[in-house]
Amino acid sequence: MTEWMRLPALATTHGQPIDNLIGWTHIFMLVLFVGWGAFLAYVLLRFRKSRHPVANYTGVKSHMSSYVEGGVLVVELVLLFAFSIPLWAARVDHVPPETEAFVVHLTAEQFAWNVRYPGPDKKFGKTDIKLIDTQVNPLGIDREDPAAKDDVTTLNQLYLPANRPIIVKLRSKDVIHSFGVPEFRVKQDAIPGLTIPVWFIPNVTTEEMRARKGNPNFQYEIACAQLCGLGHYRMRGFVTVLPPEEFQKWMDERVAELAAPDPFR
Ligand SMILES: [Cu+2]
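As the structure is a computational prediction, the values presented were derived from the model and not from experiment.

Cut-offs used in this document
- Residues numbered from 1 in each chain as written.
- Predicted model: local features only at pLDDT ≥ 70, side-chain atom pairs only at ≥ 80, totals over all residues.
- Heavy atoms only, no water.
- Donors = N, O, S within 2.8 Å, 3.2 Å for Na, K, Ca; no water.
- Helix = DSSP H or I, 4+ residues; strand = E, 2+ residues; numbered from the N terminus.
- Buried < 20%, exposed > 50% of the residue type's maximum accessible area, 1.4 Å probe, protein only.
- Axes fitted to C-alpha atoms, helices over the stretch in contact; angles between N-to-C directions.
- Parallel < 35°, antiparallel > 145°, perpendicular 65-115°, else oblique.
- Contact = heavy atoms within 4.5 Å.
- Nonpolar A, V, L, I, M, F, W, Y, C, P; charged D, E, K, R; others polar.
- Expected span 1.5 Å × (residues − 1).
- Salt bridge = Lys/Arg side-chain N within 4 Å of Asp/Glu carboxyl O.
- Phe/Tyr/Trp six-rings, centres within 6.5 Å; stacked < 30°, edge-to-face > 60°.
- Pairing = 2+ DSSP bridges.

1. With respect to the coordination of the copper ion
And then number 1: Here the copper ion is held by the protein donor atoms H177 (ND1), C224 (SG), C228 (SG) and M235 (SD), which lie 2.0 to 2.4 Å from it.
And then number 2: Donor residues binding the copper ion come from one chain and are separated in sequence as H-x46-C-x3-C-x6-M. Taken together, the residues span a long stretch of sequence, with H177 in strand 6 (residues 177-181) and M235 in the loop between strand 9 (220-224) and strand 10 (236-242) at a distance of 58 residues.
And then number 3: Residue classification places H177 among the buried residues on the basis of a relative accessible area of 0%.

Here it is as structure tokens:
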């Protein structure tokens, strides 16, 4: 379904059933559109004024139209209860355990994406609202906390290892934003006061996607999918999917940078 509908290229394992559902919904709606359109044309001709100068007060006697409507209803219920709801439940109810996944915090704000990794200790350290500094510490990380010392942060750049479950814990500092990555078939609102897990397994690295598209500049883009203020249009982030070894190398470099003494501090 992905190709003939010209959907964005697919880069996660869960995307195919979603694309199939979108495809089937479109096919069914096309059948309905043609069916109802043909019925309207037939009725316009069949009951034209020249053939029926006087209204018929009895109306239709056959039950044909009721059966057709019943059939449409049944197909719609099947689409909803047999396909859409189970597919949605599989996405939101069966989040893999955090011990088996790669967990990253993604905090939206007007108008940026703050990414935070737990570092080698795999623990997210304390944060304190009093420590928030929009220039140097936008998340208010308490670096005195041993668990927070190795927490790596980036701005608008989400690096992920390929082929393993990723849990993105979505938050917002101010208004409702939305984390949307079309190639991942993922879109979830970030709501102030809530931490919402979004999970997926990216299975095409950025390099592979560049080769596939023949575009050496291709980037997976995080588009804020909720109108969140005047700077909404520039609230862009990028996802770089790396092979696991390369991701580890990237992470080691960030951790080393963090441990090095900062001459400006
Ligand atoms: Cu936004």
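Structure shown, so let's carry the discussion forward.
2. Section: the packing of helix 1 (residues 15-46) against helix 2 (residues 64-93)
And then number 1: Running from amino to carboxyl end, helix 1 crosses helix 2 at an angle of 170°, the nearest separation of the two axes being 11 Å. The orientation of helix 1 relative to helix 2 falls into the category roughly antiparallel. In contact with P17, I18, L21, T25, F28, M29, L32 and W36 of helix 1, helix 2 contributes V68, E69, V72, V75, E76, L79, F83, S84 and L87.
And then number 2: Residues of the contact of helix 1 with helix 2, tallied by class, amount to 13 nonpolar, two polar and two charged.

3. Some thoughts on helix 1
For an α-helix, 3.6 residues make a turn, and residues three or four places apart therefore share a direction.
And then number 1: Taking 1.5 Å of rise per residue, the 32 residues of helix 1 would be expected to cover 46 Å, and the 46 Å separating its terminal C-alpha atoms lies within 8% of that figure.
And then number 2: Every buried residue belonging to helix 1 is among G15, D19, L21, G23, F28 and L32, and all of these are buried.
And then number 3: At its buried positions, helix 1 is contacted by helix 2.

4. Thoughts on the pattern of salt bridges
And then number 1: Counted according to the given criterion, the structure contains nine salt bridges.
And then number 2: E207 is the partner of R210 in a salt bridge, and the nearest nitrogen-oxygen pair spans 3.3 Å. With a gap of three residues between them, R210 and E207 both fall in helix 3 (residues 206-213), about one helical turn apart.
And then number 3: Note on E207: relative accessible area 54%, which makes it exposed.

5. Here we look at the packing of aromatic side chains
And then number 1: Using the criterion set out here, one finds eleven aromatic pairs in the structure.
And then number 2: Summarising the aromatic geometry, the rings of Y117 and W250 are spaced 5.6 Å apart at their centres and angled 70° between planes, so their arrangement reads as edge-to-face. A residue pair is termed long-range when its members are at least 10 positions apart, and Y117 in strand 2 (residues 112-117) and W250 in helix 4 (residues 244-259) qualify at 133 residues.
And then number 3: Its relative accessible area of 10% is what places W250 among the buried residues.
And then number 4: Considering the side-chain rings of F247 and W250, the 5.9 Å spacing of their centres and the 35° angle between planes classify their relative orientation as tilted. Residue F247 and its partner W250 are located together in helix 4, separated by three residues, close to a single helical turn.

6. Some remarks on the pairing of strand 6
And then number 1: For strand 6, the buried fraction is high: five of the five residues fall into the buried class.
And then number 2: Judged by which residues are buried, strand 6 turns out to be covered on both faces: H177, F179 and V181 on one side and S178 and G180 on the other are all buried.
And then number 3: Here strand 6 pairs with strand 7 (residues 186-190) via five bridges, running antiparallel. What sits directly across from F179, in strand 7, is Q188.
And then number 4: Linking strand 6 to strand 7, which pair antiparallel, is a turn of four residues; within it R185 sits at a positive phi near 55°.
And then number 5: Relative to strand 9, strand 6 runs antiparallel, the two sharing two bridges. If you follow F179 over to strand 9, its bridge partner there is C224.

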